[in-house]
Amino acid sequence: MNQIPERLAAVGQRIADAAARADREPGGVQLLAVSKKKPARDVLAAWSAGQRLFGENYVQEALEKIRALSAYPIEWHYIGRLQSNKLAEIAQHFSWVHGLDRLSHAEKLARLRPADAPPINVCIQVNLSNETSKGGIGEAELAELATAVAALSGLKLRGLMTMPDPACDEEQTRETFRRLRQLLAALDQQGLALDTLSMGMSGDLELAIAEGASIVRVGTDIFGPR
Ligand SMILES: *Cc1c(COP(=O)(O)O)cnc(C)c1O
């Protein structure tokens, strides 16, 4: 049973409604379809319904899909945890990386990005719930990392990403998104020209759009439970 086109349309409508309520242009919010743990045929079903941006968390699994679907000009985003030994493949095969949280990874990605490819777009992941188990840099270290990353060639710093603690209630989740927007504004003040807030998933994309999300990352509500 393939309900992907219908689910995709429903998510698109939620995005449009949330943008309208926030007095934002619907085109100011991009949908990243998170296809982790789903087969290439599901990606193709979404592609055929007009979806162009896809997010993956696991490098080996992603590479199989990227190869299988190489005839389609899909924009692939890596949204998983970065591991040093996977950075070469990420630098070669993805257009975006959302979970950057250390300079050594940024330097390696920049160095490994093929010279004939455009710079790889990156978002720095900020950990706003102080959970040490989760990825992301702390607020206090953000400005220094962002400045160093922005100076690298081979990659382009586009903005910030966050994942609220799933245990957060609605108000805390919204506060987390608001904080990420404030941090982006502060970096802009320092002269970094950033344009991306990667925040919001299936359960909280409306809150994220209300607080300025420019990319929402949605898996379950498009492809079904994993
Ligand atoms: C899996 C994942 C998502 C999508 O989550 P859903 O709740 O299925 O929409 C978004 N962002 C990241 C980083 C993920 O790992």
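Definitions and cut-offs
- Residues numbered from 1 in each chain as written.
- Predicted model: local features only at pLDDT ≥ 70, side-chain atom pairs only at ≥ 80, totals over all residues.
- Heavy atoms only, no water.
- Helix = DSSP H or I, 4+ residues; strand = E, 2+ residues; numbered from the N terminus.
- Buried < 20%, exposed > 50% of the residue type's maximum accessible area, 1.4 Å probe, protein only.
- Contact = heavy atoms within 4.5 Å.
- Polar contact = N/O pair within 3.5 Å; in protein donor to acceptor, adjacent residues only side chain to side chain.
- Near = heavy atom within 4 Å.
- Areas by Shrake-Rupley, 256 points an atom, 1.4 Å probe, with all protein chains shown as cover.
- Nonpolar A, V, L, I, M, F, W, Y, C, P; charged D, E, K, R; others polar.

Student: Just to check I follow, could you spell out the environment of Ala18 for this structure?
Tutor: Within the element layout of this structure, Ala18 appears in helix α1 (residues 4–21). With relative accessibility at 4%, the residue Ala18 sits in the buried group. Separated by 53 residues in the primary sequence, Ala18 and Ala71 place their C-alpha atoms 34 Å from one another. Ignoring anything within four residues of it in the chain, the contact list for Ala18 reads Glu206 and Ile209.

Student: Explanation requested: the side chain of Ser35 in the structure shown.
Tutor: Positionally, Ser35 belongs in the loop between β1 (30–34) and α2 (40–48). Judged by its relative accessible area of 0%, Ser35 falls in the buried class. A polar contact of 2.7 Å, which involves the side chain of Ser35, links it to the side chain of Glu56. If we ignore the near neighbours within four places in the chain, the residues touching Ser35 are Val43, Phe54, Gly55, Glu56, Glu61, Lys65, Trp76 and Phe223.

Student: Is there a simple way to think about the site of the ligand in this case?
Tutor: Taken together, 13 residues sit near the ligand, with Lys36, Asn57, Ser202, Gly219 and Thr220 positioned nearest. Here an oxygen atom of the ligand and a side-chain polar atom of Lys36 are 2.8 Å apart. Relative to its free-state accessible area of 390 Å², the ligand is covered by the protein chains to the extent of 89%. Taken together, the residues of the shell around the ligand break down into six nonpolar, four polar and three charged.

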